[in-house]
Amino acid sequence: MKKLSLILLGSLLAACSSTPEAPKASLDGEVFYLQRIALPPAATLSVALQDVSLMDAPAVTLASQSGPVKGNVPLPFHLSYDPAQVKPGHRYAVSARIELDGKLLFINTEHHGVQLDGNDPQPVRIKVDAVR
């Protein structure tokens, strides 16, 4: 009986001490390019969700993903962000780049705006262009 009481008390304390996790929202998409070439195995893909509202200040990053390229295009990405950071009247965009050993190979050259109101078509498709 003493053991059962300790187990129940421990469970109750664990439940009380856990902090509620902030709600998360996500944006799924894919990065692609039109060239018919394979990427080197060491290439990395970086995708970022940013607040681009202010023209004279650096963009604020809400979420980012970076890692080795796995497979061929389209390259999937998943960005989790805190919806509490989304401010009414602000503009948000997704950017993508592919690098090899720190050298830029591909980057998006068009603005990819998102509303972050739940109505954005998913997957978000981002075309990247070769850097010459």
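Residues numbered from 1 in each chain as written. Predicted model: local features only at pLDDT ≥ 70, side-chain atom pairs only at ≥ 80, totals over all residues. Heavy atoms only, no water.

Draft legend 1. Spotlight on the confidence of the model for the chain. Per-chain confidence: the chain averages 87 in pLDDT, with 83% of residues scoring 70 or above. Considering only residues more than four positions removed or in separate chains, one finds that residues 4-13, a stretch of pLDDT under 50, has zero contacts. (pLDDT = per-residue confidence, 0-100. Contact = heavy atoms within 4.5 Å.)

Draft legend 2. Region of interest: the environment of L62. Inspection of the secondary structure puts L62 in strand β3 (residues 60-68). Each C-alpha atom of the pair L62 and D51 lies 7.1 Å from the other, and the pair is 11 residues apart in sequence. Setting aside chain neighbours within four positions, we find L62 in contact with L49, Q50, D51, Y81, Q85, V86, Y92 and L116. (Helix = DSSP H or I, 4+ residues; strand = E, 2+ residues; numbered from the N terminus.)

Draft legend 3. The arrangement of unusual backbone geometry in detail. For the peptide bond that leads from V73 to P74, omega is 0 degrees, which places it in the cis range. P123 follows Q122 through a cis peptide bond whose omega is 10 degrees. The backbone of D101 shows a phi angle near 55 degrees, a positive value even though the residue is not glycine. Note that D101 resides in the loop between β5 (92-100) and β6 (103-107). At L116, a residue that is not glycine, the phi angle is positive and equals roughly 60 degrees. Note on placement: L116 falls in the loop between β7 (113-114) and β8 (124-127). Residue L116 is classed as buried on the basis of its relative accessible area of 12%. (Buried < 20%, exposed > 50% of the residue type's maximum accessible area, 1.4 Å probe, protein only.)

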